[in-house]
Structures are given as structure tokens and as C-alpha cells.
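Reading the structure
Chain residues, written in single-letter form:
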Amino acid sequence: MGYVAVTGGQQAIETANLLNQWYRLKDADHALEVTAIEKQMRHLVDRVISESGLYAPNDAALALKQAEGDPAEAAFLLRAYRSTLERNVESLTVDPGQMRVIRRISSAFKDIPGSQILGPTADYTHRLLNFTLRNEEAQAALKSVLQQLPKQDNPHTDHRQPFRKVADLLRAQGLLSPPNARNGLVDITRDKLTFPVPRSAKLQLLSRGDTGAMTALACSSMREHTAQHPTVAELRVGYVELTVAYPLASNETLSLGEVMVTEVETINSFTKKDNGDVQFQLGYGLTFGQNETKAIAMAILEQRLETDGTSPTHDEEFVLLHVDSIEANGFVSHLKLPHYITFQSKLDVLRQAQKLAAEKTDHQEV
Amino acid sequence: MAMHTPLKQTYNYAFLDEGSKKEIRRATLKAVAIPGYQVPFASREMPIGRGWGTGGLQLTLSLIGDGDTLKVIDQGNDDSVNAVSIKKLVQACTNVAVTTDAEQATLIQSRHRIPEVPIRADQILVFQVPIPEPLRFVEPKEKKSKHLHAEMDYSGIWLRLYEDIVKWGKISIGADYPALAHKRYIFAPSPIPRYDLPKLHQAEGLFLFGAGREKKIYAIPPYTDVEPLAFDDYPFEVEHFEGCSCRLCGSTDSFLDELYDEAAGQTFYQCSDTGYCRKCRERGAQHGK
Amino acid sequence: MGNEDRPLLAVRHLMKRFGKGCATCRNPQNLPSGSSHCPHCGSVLACNDISFDLYEGEILGIVGESGSGKSSLVQSLYFDSPVTSGSATIATYNKGPRNIFLESAQQKRYIRNHLMGMVYQNPWIGLKMNFSSGGNIAEKLIAAGDFNVRAIRSRAADLLDHVEIPITRMDEAPAHFSGGMQQRVQISKALANKPPILLLDEVTTGLDLSVQARVLDLIRRIQRENRTAMLVVSHDLGVIRMLCDRTLVMKQGRCIEAGLTDQILEDPQHTYTQLLVHSLL
Ligand SMILES: Nc1ncnc2c1ncn2[C@@H]1O[C@H](COP(=O)(O)OP(=O)(O)OP(=O)(O)O)[C@@H](O)[C@H]1O
Ligand SMILES: [Mg+2]
Ligand SMILES: [Zn+2]
Ligand SMILES: [Zn+2]
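Predicted model, so just to flag it, every value in this text is computed and none were measured. (Residues numbered from 1 in each chain as written. Chains lettered and ligands numbered in written order. Predicted model: local features only at pLDDT ≥ 70, side-chain atom pairs only at ≥ 80, totals over all residues. Heavy atoms only, no water.)

**Some points on the coordination of the zinc ion (ligand 3)**
Residue and element names in this part refer to chain B. In the first shell of the zinc ion (ligand 3), the protein supplies Cys-246 (SG), Cys-249 (SG), Cys-271 (SG) and Cys-277 (SG), at 2.1 to 2.4 Å from the metal. Around the zinc ion (ligand 3), the four donor atoms sit at angles spanning 105 to 121 degrees, and that spread fits a shape best called tetrahedral. When the donor residues of the zinc ion (ligand 3) are listed from N- to C-terminus, their spacing reads C-x2-C-x21-C-x5-C. Within this pair, whereas Cys-249 is found in the loop between β10 (226–228) and β11 (256–261), its partner Cys-277 is found in helix α7 (residues 274–288), the two being separated by 28 residues in sequence. (Donors = N, O, S within 2.8 Å, 3.2 Å for Na, K, Ca; no water. Tetrahedral: all angles 85-135°; square planar, octahedral: opposite > 155°, others 65-115°. Helix = DSSP H or I, 4+ residues; strand = E, 2+ residues; numbered from the N terminus.)

Here you go:
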């Protein structure tokens, strides 16, 4: 059936859905397993849980399967799903200082207490296509990896011993200015937003922001003439424990398990306080999963929004209203919808204006 | 598709949880109490795209109940793909009856049009709104436009209209023509044609506006003054259809879509409100008999 | 003449500080003498306890070196940014003799649109440079409730004609005008609603002598025709001598001398004023 713009709408939609399924499966020997996506497309899953704001790796994998690998569409599916879920309890504040770290680096200090841990990263691999992955046997490959790993780096070894944060060291020496006063904790999924928004809303919006959009904005802020090159005081990736208050005993807590997060603290410019003290300002980034570039971008943008300036990244409405993947994708893609009425209306105005212009020229010629 | 059956089991009635629906209704009540004032609300993520009618959809879902009959139109058309899609979603998570007859509906969700038959006191028309802020094209910042509304400082938007007249000989706004609600707030009527704007003035029905991405709800309650912005000597004008009539029903008193017949090489017109057009044709057929 | 001894505008103890201020500078006595800059917190006390009266039909001059707080004073009166403390009353304000700094934002807008006109030192602040010149005037007229395009355009044409801008350029944007023309568009905008008080900040600075003379003529004509009271800010004593009956001398945010212009020019009391007058001669 041909697609006639607005008639046969019902039929057209059904057909489109069926064709979608056909294209998804037409050349498949067997359907993708959701668990395989979850376990082997780690960064894609991390990106989706981070941008959707829902820590549900398996659902994220399902969404990716349904969206045929489009991370924006997958994040959208998860968001829409999440908005229907009941909010039963609120977790207690997480302390990333207690993180079970798998990776931890500092570009500020060579030697940090507890030392740097390079951990899993592609940063220092050569970007050469590895053709052997074409015919990989998972179990055998894993076994060989484990044999080659130095004993102390065996991931099965528990690193639960917490590391003191670099920022805490700076703070102890009075080098770091405390964050701007927190004015109310809001929940951006439940509370209405009115600009200017409190800091807690900024952090939440950025934490769910689109990786690409945030990287681009952060990059722009590093390149402009007033820019100060931020330094990564610490980037850490690892697991933090989620706990809730035990409902029957006021001072006990229940553990719900762990979530993986990336936390970044950057040192940006320094500021002069009212009392004349000069201190560093910290930028803070935290995302679900291992999303290092996004977490750094978040720390940069967060700090930009806390300081005054004239560049786009100092403008909270500009940054926060455009970094959300679901909203930006929705608005741009809505241009595919018919706009016949508005166009007709504009056409009418144009014709009237043409008529007036012609009359005016006639007058002048007379 | 088969996914609609489980939707009823896995999701709450009308998709949103009851707490969310209540919050949206509270915002709506405030909007009704202050005609034209944009009430911020915690817009939920919906299973259709942001910018594809999520604001209108949230209003519809927060209001709908088993006794309702729903009509959804896009560009005046019940069968437009997006209208069909929204209608399917609401049906899948409720059980309401749907109709294409504006007079049968209790709740109408619309994008870009107001049906030709006036909305009655027992009906609600819900609009999907892309940009709820009429001052956005003169003041890009929300923080500032809020102040301008609060102080009724509207000379900026008027100046824009003046400049339009200087430049084009007339105000060049097509659809989404700004109007003053009850002598207080300038509001954006959503991208309806100017042709539809007078239908909001002192109307019997309730008009609700939902902007999902921008997270705002506003309303034009029954019997509200709605005055399109215009200068004394440059009055407000609707779209011109002089000498045109609907090719299907012959109507000369409805908003017409302009179409081009490639084979015949000529322009023809058709009612944009397809429900209205069908009724006109049915009535015509009866008279003919 | 109306009430001779009742000032149209009375300003008392006006303080305008840029910056947060600190324990030290909140008491201006603690500032180092001859300075408006707080060494502790970096705040600037741009206007430090300024009081004066402005009478109907009078032109009051404000002179002082660069940075002495002249623009800050007139911009405070025009509500561009909130004052730190102090009061101002307008005799003809329909709400009575109240401190206008404490009025609501709506009322302040009313005062700006009906009782005051302002010409900024920097025309880029005073004009919407990319709107037409006529539009800049129209905005004021619209704000005062005029919604007839023909009437607005004819009034705008009159006003532009008054300041010798050719009416054929009415629909052009001031961004394309020379500095002198921009100043004159600003003047016509300020006059649009026939305000009883005009605030003129360095209207003639940067203009060539012939244009300057015409602008000064224009100001005197406005004073004569409408009995408009004016605050004329200038660091040019020549301009002050030509226009102003009385003059106030500012230095580092303070008013160091005030009185009849002739007296100040002939017999300056303060050493700084003496320096100023001698450099003119
Ligand atoms: N927006 C501002 N923020 C901070 N300080 C300001 C601001 N505007 C003015 N100042 C300070 O206030 C003082 C007075 O400035 P102002 O512009 O009023 O001087 P002026 O007398 O008009 O000078 P000029 O003759 O150069 O125009 C100066 O020290 C200036 O640095
Ligand atoms: Mg100045
Ligand atoms: Zn028809
Ligand atoms: Zn100080």
C-alpha cells in the first residue's frame, strides 16, 4: 500500500510496524539474545541506563534489541517505561567514597593515596580492528585472559577497601571551595522545573543528559577564549552500595545491592570568596555505568553553570533545555509530522504580503 | 499489534499512575483559575515522542474515564497517522469508546485545529502545544519572559507586530497567533490557524493546552475573552478563502486544505476538518433524496 | 509657574554599591578618603550619599571625572538596577510623595514610561539597534497605551523631525546610523511620552561641534517648550555652563560641591573643582 499522507492512517501504521519487524528479522539466523546484549554490549547498555536514568541493564538490553541498536530510541523506551513505575522507597544517600573501585585515575597528582588503578579502559589500546573477534570462542578466550592477568589484578579479588578521595585531600588543606549552598532537593521526574533551577535539578538533568550533546558543549567550553583548562582531580569507576532505611528499626539499613557508577571531580578555575580567600572550584560529574567522557563533560558543565559568564555553557536554560536526548530527539523528529495547517496559514500571509507589495509598486509607478 | 493486550495488564489505567494524574489535574485546575497563565508541571515521559503530543496526551490521560468518548485529530483529520497512533495508545490502556464525530465526543485531543462545530459546555478540547510561550520569539529566556508576564510588560511583542507592519504591510504571523486572555495574559493558542482563534472567544467549552516537552499547562475556560493582538487600524485577519469551496462537500464556511491535482494541473480545496466534511456530505445526500 | 518651592524630583541619601559589600564598607565612613573602592571586598560605592532637588523646568548639571558615579546616579533613578539605599520622590506621581525606589516593578515601569525619559551615554543600551528607529519610538508609545499604527507613525515622524532625522530614514535600524544620529534617535524616544523629567547622560560626547551645538539647541528648546526638568550629566564644563542653572560636582561617588553654575565656575570652593575649572580655562 502506498503511503498517502493522511488517509488510511490506521492501515499505514499497522503496515509500518510490520515492516519494521520484517527488517529487524529478515536476515537473522537466530534472534539476538537479550542477555548477550546486556553482557557484551556493556558500554552501549551503560549509555542507555545513564541517559534514561533507570538502572536496569537487562531492560536496557531489551530496549536496545527492540530499537535495533539505536541508543536514543532505547533510552526513550526505558524512560517511558520508568514513568509508569511506582516509587516505593527512596534510597539513602550514596557515599561514592565507599566505592568498590575497578578503575581510578588522577591527572592532578602522580601519587594519590591508594594509588591509581588503570582498570578496564580502551584509552591506551591501538584503534586497530581486531579481526580475530570474528571467530571467537567465548569460554576459551576468557580462560586465556584470566591466565594472562597478574594475580593482584584478578577481578575476582575484592577491592572493597575504600580509597580516600583526592578532593577530600584538597578540602582538608583548605584548597577547595565548598559547593554553592544547596537550595532544596528536587526530583526532576516528579517536581516541576522553574528556572533558575536549584543545583540538585541541574545535577540530575546533566546526569541523564545525552552523551554526545554534553561532550560537544563541554568541548566548546574548553576551546573558547575565556576557557580554563580543567584538570581531572579524580575519575573513578566502580560499584556503590544502595541502601534503604529499614522500616522497622530506625537506625538500621537494608542493602539493595550495588550499582556501577562513574564519578569525576575536576578542578577548574579558582575563585575569590567574599572573605578574601582564594580557593579552587570543583566540578562534579556522576553517571550510571561506565561513561567516562560523559562524566567528565558533566563535571565541566556543572562547574560552568555555577559560575557567571557570557558563553553559552554559562547559560543554564541553554544547556539544560538542550542536553536531554529524549526531548531533543523528540522535538527535532516531530518535524516529520504533517504541518499542513501552519503552512497553509503562512502561505496565506505570504500571498497577502505579495499583494500589498505589488500594490505599493503600482502606486509608485503611477 | 499483539503488544496492546499486555499493555492493559502491565500498565495502570490510562497509563500514568494515579498520583501523576492527580498532579496533572491539580495543575489543570490552577490553569483554569488563571486563564492564559502557563502553569509548570512535572511532565512525565510518555511512550510517544517528546514534541509529538505528549502534553496533550498527559492531559487526556489525566482526565479520561470509562464514560468518555474520545476523538483525536491531527490537522483536522481523524485518520492522520499521529492521531491514529495517539488514539490507539489511549484505547490500549483504557477502554473508552472512540469517535470521529465531534458532536459525539466528550473529549477531543487535537493538533493544529479546532473542529468546525462549536465545542459545547459538556466537552473538553485538549491541544498539543509545541511552544507554549508566546513571548519566546521576542525574549529567548524563560527567566525574563516570566517577569514580562508578571508585570504585563508586553511592549516587546507589540513592537514586533509594529515592525512586521512596517516591513510587510501587515502582521506576518501565520498560525499560533498570540492573543490576550481575559485582558491579562498573552498566550499562544498552539499552531491553530488564525481562522480558529475567534472560536476561543467567549466559547461554551473548556480548552486545555498541554506542552509536554516544555512542561506547561494552560487553559481557556468557558466564557473567557480572547482577543488576538491587533492594532486599531490593522485589525486581526483570518486566512482568506474567498471564492473557494470544498471539492467533496461544497462547504464555503470551513477551513480548507489547498491541494494540487497533478493530473489536472490545478489547485483544489478540501475541508481540513474531515469529520465535518463527512457530515456535510451525509446531510447533502439526505437532502438530495 | 506652579509650586516654586516644591521640587519635582527630590533625591535623598542615595547609595549605589556595586558588589556585595562587607562589614567594612557598609559604613562608608570606613572607606579610605578620596576612594569609592573597598579594599576588603572589592565593592565600589558608585554613589555615596547623594541628595539634591530638581525643579520643574530646571536643568541641573552633574559634572565629575570619569568613574565618579554620574551614570550610576541617573541609571539608578531610571531603575536600571536597584539602589542600595536612599529615597527619591516625584511631586507629580499620582500615588503621592512616596519613595519611588520602593514601588512595585509595575509602578516603576509606569514611572519609566510616563514620568521619565532617558538618554544613555551608550546608545547601544538605550536603543534596540536592529529594530527600526520609528519602532524604537513606537515601543514607548505602545507602552503608554497607543495602539493605532497611523497615530504612532505620525508621532514618531514628528519626533524624528524635531531632532532633524529625515523622515525617510524612519524605518531604518539605528545600527546603520552615525553616533550623532543614534543620540538624536535616543532623544526623540525619550521625548515620546512628553515626560516631565529627562535624564541625559553625556548626550553630546563624541559629537562634532556643529552637531553638538544643534543638540544643545534642541535641549534648550525642549526645556522652553515643555518646561521639562532635566538632569544633564557631562564631564564637559562647557556644556554645563551653556545649559545648567545649578550644578552638582561629583568625585569618587560623593557630591563635593553644589550650587549655581556661575558661582561654581567663578569661585570654586573644593580643590578638585578648582582643578576642573582651571583645566577648562
Ligand atoms: N555594572 C557595574 N558593575 C560594577 N561596577 C560598576 C558598574 N557600573 C559602574 N561601576 C563602577 O562604578 C563607578 C562609577 O561608574 P559610572 O559609570 O557611574 O561613572 P561615570 O561618572 O559615569 O564615568 P564616565 O564619565 O566615564 O561615564 C566606577 O568605579 C565603575 O567602575
Ligand atoms: Mg558615565
Ligand atoms: Zn468538505
Ligand atoms: Zn567591602
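Read on, since the account is not over.
**Here we look at the interface of chain B and chain C**
Facing the 17 residues of chain B at the interface are 20 residues of chain C. Roughly 1700 Å² of surface becomes buried between chain B and chain C when both sides are summed, with 63% attributable to carbon and sulfur atoms. Looking only at chain B, the three residues that lose the most surface to chain C are Glu151(B), Leu159(B) and Tyr162(B), adding up to 36% of its buried area. Run the count over chain B and chain C and you get two salt bridges. Ionic pairing is found between Arg109(C) and Asp153(B), a salt bridge with its closest N-O pair at 3.5 Å. Summed over the shared surface of chain B and chain C, the result is eight residue pairs in polar contact (both at pLDDT 80 or more). If one sorts the elements of the side of chain B that touches chain C by residue count, helix α6 (residues 155–168) of chain B sits on top with nine residues. Split into classes, the residues belonging to the side of chain B that touches chain C amount to nine nonpolar, two polar and six charged. (Contact = heavy atoms within 4.5 Å. Buried area = accessible area lost by both parts, 1.4 Å probe. Salt bridge = Lys/Arg side-chain N within 4 Å of Asp/Glu carboxyl O. Polar contact = N/O pair within 3.5 Å; in protein donor to acceptor, adjacent residues only side chain to side chain. Nonpolar A, V, L, I, M, F, W, Y, C, P; charged D, E, K, R; others polar.)

**A short note on the sheet that holds strand β3 (residues 97–98) of chain B**
All names here are of chain B. Taken in spatial order, the seven strands line up as β1-β9-β8-β5-β4-β2-β3 in an open sheet, and their pairing is mixed. Looking along the sheet, the strands with just one partner apiece sit at the ends: β1 (39–40) and β3. In terms of strand pairing, strand β4 (residues 107–111) meets strand β5 (residues 124–128) through four bridges, oriented parallel. Directly across from Leu-107, in β5, lies its bridge partner Ile-124. Against the sheet, helix α3 (residues 54–63) touches β2 (69–74), β4, β5, β8 (206–211) and β9 (216–220), its axis set at about 125 degrees to β8. (Pairing = 2+ DSSP bridges. Axes fitted to C-alpha atoms, helices over the stretch in contact; angles between N-to-C directions.)

**Some points on the interface of chain B and chain A**
Accessible area lost when the parts come together is the quantity often used to give the size of an interface. The interface is formed by 60 residues belonging to chain B together with 51 residues belonging to chain A. Here chain B is connected to chain A by nine salt bridges. For the salt bridge of Glu327(A) with Arg50(B), the shortest nitrogen-to-oxygen distance reads 3.1 Å. Applying the counting criterion to the chain B and chain A interface returns 29 residue pairs in polar contact (both at pLDDT 80 or more). Secondary-structure elements contributing two or more residues to the side of chain B that touches chain A are α4 (81–93), α5 (142–150) and β11 of chain B. With five residues, the single largest contributor to the side of chain B that touches chain A is α4(B). A per-class count over the side of chain B that touches chain A returns 25 nonpolar, 13 polar and 22 charged.

**Quick word on the coordination of the magnesium ion (ligand 2)**
All names here are of chain C. Here the magnesium ion (ligand 2) is held by the protein donor atoms Ser-71 (OG) and Gln-121 (OE1), which lie 1.9 to 2.2 Å from it. Separated by 50 residues along the polypeptide, Ser-71 in helix α1 (residues 70–77) and Gln-121 in the loop between β5 (116–119) and α3 (123–126) bring together distant segments of the chain. Among the residues examined, Ser-71 registers a relative accessible area of 19% and is labelled buried. When its relative accessible area of 41% is taken as the criterion, Gln-121 is described as partly exposed. (Buried < 20%, exposed > 50% of the residue type's maximum accessible area, 1.4 Å probe, protein only.)

**What to know about the site of ligand 1**
All names here are of chain C. Surrounding ligand 1, one finds 13 residues, the nearest of these being Ser-66, Gly-67, Lys-70, Ser-71 and Ser-72. Here an oxygen atom of ligand 1 and a side-chain polar atom of Lys-70 are 2.8 Å apart. A distance of 2.6 Å separates an oxygen atom of ligand 1 from a polar atom in the side chain of Ser-72. Here ligand 1 loses 62% of its free accessible area of 630 Å² to cover by the protein chains. Put simply, the parts of the chain that give the shell around ligand 1 at least two residues each are β2 (44–54) and α1. Counting residues per element, the shell around ligand 1 draws most heavily on α1, which supplies three residues. Among the residues making up the shell around ligand 1, the classes are represented as three nonpolar, seven polar and three charged. (Near = heavy atom within 4 Å. Areas by Shrake-Rupley, 256 points an atom, 1.4 Å probe, with all protein chains shown as cover.)

**Considerations on the packing of helix α9 (residues 211–223) of chain A against helix α10 (residues 292–306) of chain A**
Residue and element names in this part refer to chain A. Contact geometry for α9 and α10: axes closest at 8 Å, N-to-C directions at 55 degrees. Judged by the angle between their axes, α9 and α10 are oblique. Relative to α10, α9 is oriented so that their crossing is left-handed. Contacts between α9 and α10 involve Thr-211, Met-214, Thr-215, Leu-217, Ala-218, Ser-221 and Met-222 on the former and, on the latter, Thr-293, Lys-294, Ala-297, Met-298, Ile-300, Leu-301 and Arg-304. Grouping the constituent residues of the contact of α9 with α10 by class yields eight nonpolar, four polar and two charged. (Parallel < 35°, antiparallel > 145°, perpendicular 65-115°, else oblique. Left-handed = near helix turned anticlockwise from the far one by under 90°.)

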